[in-house]
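# Structural features, examined
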Amino acid sequence: CYGSYVAVVAEVSVKDGQPLVHQLSCAIDAGIAVRPNQIEAQIEGGLLDGFSSAMFQKISFKNGQVEQENFDTYKMLRFEDVPLVHVHIVKTDNPPSGIGEAGVPLAAPAIANAFALATGRRLRKLPFLDA
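Residues numbered from 1 in each chain as written. Predicted model: local features only at pLDDT ≥ 70, side-chain atom pairs only at ≥ 80, totals over all residues. Heavy atoms only, no water.

Okay, the overall build of the chain next. Check the secondary structure of the chain and you find 2 helices and 5 strands. Each helix and strand of the chain, ordered N terminal to C terminal, gives the series β-β-α-β-β-β-α. C-alpha extents for the chain along the principal axes are approximately 55 × 35 × 25 Å. Of all 131 residues assigned to the chain, the portion counted as buried reaches 34%. (Helix = DSSP H or I, 4+ residues; strand = E, 2+ residues; numbered from the N terminus. Buried < 20%, exposed > 50% of the residue type's maximum accessible area, 1.4 Å probe, protein only.)

What follows covers the sheet that holds strand S2 (residues 18-29). Spatially, the 3 strands line up as an open sheet ordered S1-S2-S5, and their pairing is mixed. Strand pairing shows two members of the sheet lacking a second neighbour, strand S1 (5-15) and strand S5 (84-89), which therefore form its edges. Strand-to-strand twist of the sheet, defined as the mean angle between neighbouring strand axes without regard to direction, takes the value 15°. Relative to S5, S2 is paired through 6 bridges, and the arrangement is parallel. When the sheet's bridge partners are listed, Ala27 is paired in S5 with His88. Along the sheet, helix H1 (residues 36-55) contacts S1, S2 and S5; its crossing angle with S2, the most-contacted strand, is approximately 150°. (Pairing = 2+ DSSP bridges. Axes fitted to C-alpha atoms, helices over the stretch in contact; angles between N-to-C directions. Contact = heavy atoms within 4.5 Å.)

All right, on to unusual backbone geometry then. Of note, the amide linkage connecting Leu126 to Pro127 takes the cis form, showing an omega dihedral of -10°. Among the structural elements, Pro127 can be located in the segment after helix H2 (107-119). We note that Asp16 has phi near 55°; this positive angle belongs to a residue other than glycine. Topologically, Asp16 is positioned in the loop between S1 and S2. On the basis of relative accessibility, which here comes to 74%, the residue Asp16 falls in the exposed class. In this structure, Asn63 takes a positive phi of about 55° despite not being glycine.

Taken as a whole and judged by the stated rule, the model has 2 aromatic pairs. The ring of Phe56 carries Lys75 above its face, with NZ or CZ at 4.5 Å from the centroid. (Phe/Tyr/Trp six-rings, centres within 6.5 Å; stacked < 30°, edge-to-face > 60°. Lys NZ or Arg CZ within 6 Å of the ring centre and 35° of its normal.)

On to H2, then. Taking 1.5 Å per residue, 13 residues should reach 18 Å; H2 reaches 18 Å between its end C-alpha atoms and fits that length. Within H2, the full set of buried residues consists of Ala107, Ala108, Ala110, Ile111, Ala112, Ala114, Phe115 and Ala116. In this fold, the buried residues of H2 make contact with S1, S2 and H1. (Expected span 1.5 Å × (residues − 1).)

With respect to the secondary-structure elements, Asp29 resides in strand S2. Although Asp29 lies buried, it forms no salt bridge, and the closest oppositely charged side chain, Lys91, sits 13 Å away as judged by the N-O distance. Among the polar contacts listed, one links the side chain of Asp29 to the backbone nitrogen of Gly31, at a separation of 3.0 Å. Apart from residues no more than four positions distant in its own chain, Asp29 is found in contact with Ser4, Tyr5, Val90, Thr92, Asn94 and Ser97. (Lys, Arg positive; Asp, Glu negative; His and termini not counted. Salt bridge = Lys/Arg side-chain N within 4 Å of Asp/Glu carboxyl O. Polar contact = N/O pair within 3.5 Å; in protein donor to acceptor, adjacent residues only side chain to side chain.)

Over its 20 residues, H1 runs 28 Å from end to end, which matches the ideal 28 Å to within 8%, given 1.5 Å per residue. Residues of H1 that are buried: Ile39, Ile43, Gly46, Leu47, Gly50, Phe51, Ser52, Ala54 and Met55. Where H1 is buried, its residues touch S1, S2, S5 and H2.

This is the structure we're talking about:
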């Protein structure tokens, strides 16, 4: 993504048949890390955005109308739901590359794969948790 190489692993347990994510660990090779703190912050934010989408965020319709009228009825990530996030920046001499939203699309497959390894069952529908 953006010339960077990113890998994510999720540590997941199972509670009442649902995934419970304890931590997300990411390794990123973005070339020479000109601003490592910015890389870490961007990846952390992206992973948590992807995590929120994968686990909670759902829009449903009833009689042609959206049921979630505001943030009080639209489940999003809250502090008590945040897993530990680790970002490991690979040291390299490659030219600097981009970060952008590199962490966002990796959270869901990492969680789904960890859940499948724990249970033998694949998650095929988003969000993973019943909202």
